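What the coordinates show
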Amino acid sequence: MRDHGWVADLAGEGPETVAQIVLFHSAYGLRPAVRAAAERLRAAGHTVHTPDLFDGRTFESVEEAQEFQEELGGRDELLRRAVTAAAPVSEGGLVYAGFSLGGAVAQNLALADEKARGLLLLHGTSDLREDAATEIPVQLHIAEPDPFEPEDWLNAWYLRMRRAGAEVEVHRYRGAGHLFTDPELPDYDEEAAERAWAASLDFLAELDG
């Protein structure tokens, strides 16, 4: 069953579910690569929800996406939509995940959710409040270098996340493009993408070990 608009897509739920994951798309919108990623995770036994925060819109450039986000109301509106989408399925404890911008959204929700079970970040992070506190496992997959996630920023992010109490694991992919898991983008790197997904599936399996 698919809910309309930006409410969570509940497809994939079933008796063999291992973890419940909410997977947020990047600034390009809910592209085929996001749906394919969800199917990959479902094949491993997980329930995956893929909220559409952009009302069905997808974009070919970061500039177009940023303009649309401003029209929506910016970061606060995106977070409001994300919270609304995740709330109906969060009672049992979610693993929050996301691509780039979606990773930033996922991080914000995970650190605010006392029942969160884990945080899987692909290509993106977000800043942390000084008083942030969490004990969830965190795994980050990031290009090296990444123009959207500079080295100084990543070092500071890692230290702040550890200070908040999180268990943090960082995987770097030298020479890959920013969104290297999306086959339809110039950033795509097949080897890096397969390594990232293998590590991600191991991470998710350990959450239930």
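This report concerns the structure included in the present document. Nothing here was measured: the structure is a model prediction, and the numbers come from that model. (Residues numbered from 1 in each chain as written. Predicted model: local features only at pLDDT ≥ 70, side-chain atom pairs only at ≥ 80, totals over all residues. Heavy atoms only, no water.)

**Section: the overall build of the protein**
If you tally the helices and strands in the protein, you get six helices and six strands. Mapped in sequence order, the helices and strands of the protein form the string β-α-β-α-α-β-α-β-β-α-β-α. At 16 Å, the protein has a C-alpha radius of gyration in line with the 17 Å of a compact globule built from 209 residues. The 209 residues of the protein split such that 53% are buried. Counted over contacts in the protein with a minimum sequence separation of 6, partners at least 24 positions apart contribute 65%. Total accessible area on the protein stands at roughly 10000 Å², and carbon and sulfur atoms take up 48% of it. (Helix = DSSP H or I, 4+ residues; strand = E, 2+ residues; numbered from the N terminus. Rg over C-alpha atoms; globule rule 2.2 N^0.38 Å. Buried < 20%, exposed > 50% of the residue type's maximum accessible area, 1.4 Å probe, protein only. Contact = heavy atoms within 4.5 Å. Areas by Shrake-Rupley, 256 points an atom, 1.4 Å probe, with all protein chains shown as cover.)

**Some remarks on the nonpolar core**
F24, Y96, L109, L119, V138, W157 and M161 are the most contacted members of the largest nonpolar core, which has 35 residues in total. The residues contacting W157, other than those within four sequence positions of it, are Q107, L121, T125, S126, L128, V138, L140, V168 and V170. (Core = buried A, V, L, I, M, F, W, Y, C linked by side-chain atoms within 4.5 Å.)

**What to know about the sheet that holds strand β6 (residues 167-174)**
Taken in spatial order, the six strands line up as β2-β1-β3-β4-β5-β6 in an open sheet, and their pairing is parallel. Edge positions in the sheet fall to β2 (47-49) and β6, since each of these pairs with one other strand and no more. The average undirected angle you get between the axes of adjacent strands in this sheet is 15°. For strand β4 (residues 118-122) and strand β5 (residues 137-144), the ladder comprises four bridges, and the chain directions are parallel. Paired with L119 across the bridge in β5 is V138. Along the sheet face, helix α4 (residues 101-112) touches β1 (20-24), β3 (95-99) and β4 and points at about 160° away from the line of β3. Against the sheet, helix α6 (residues 190-207) touches β1, β3, β4, β5 and β6, its axis set at about 175° to β5. (Pairing = 2+ DSSP bridges. Axes fitted to C-alpha atoms, helices over the stretch in contact; angles between N-to-C directions.)

**Notes on a negative patch on the surface**
A cluster of acidic residues, E60, E63, E64, E67, E70 and E71, forms a negative patch at the surface. When you line up the elements, E70 lands in helix α2 (residues 62-72). Owing to a relative accessible area of 63%, E70 belongs among the exposed residues under this scheme. (Patch = residues over 30% accessible without salt bridge, like charges linked within 9 Å, V, L, I, M, F, W, Y side chains within 5 Å. Salt bridge = Lys/Arg side-chain N within 4 Å of Asp/Glu carboxyl O. Lys, Arg positive; Asp, Glu negative; His and termini not counted. Charge placed at Lys NZ, Arg CZ, Asp CG, Glu CD.)

**Some points on the environment of L78**
Mapped onto the elements, L78 comes out in helix α3 (residues 74-86). Accessibility expressed as a relative area gives 4% for L78, which makes it buried. Put simply, L78 and L53 are 25 residues apart on the chain and 6.6 Å apart in space, counted from C-alpha to C-alpha. Excluding residues within four positions of it along the chain, L78 makes contact with L53, F54, Q69, L72 and L101.

**Notes on α3**
Its 13 residues give α3 an end-to-end C-alpha distance of 19 Å, which sits within 8% of 18 Å, the value for a rise of 1.5 Å per residue. Packed against the buried residues of α3 are β1, α2, β3 and α4. (Expected span 1.5 Å × (residues − 1).)

**A word on the pattern of salt bridges**
Taken as a whole and assessed by the stated rule, the structure comprises 11 salt bridges. Among the salt bridges present, the one from R81 reaches E77, with a minimum N-O distance of 2.9 Å. One end of the pair, R81, and the other, E77, are both in helix α3, four residues apart, so they sit about a helical turn from each other. Close ionic contact of R174 with E144 constitutes a salt bridge, the shortest N to O distance being 3.5 Å.

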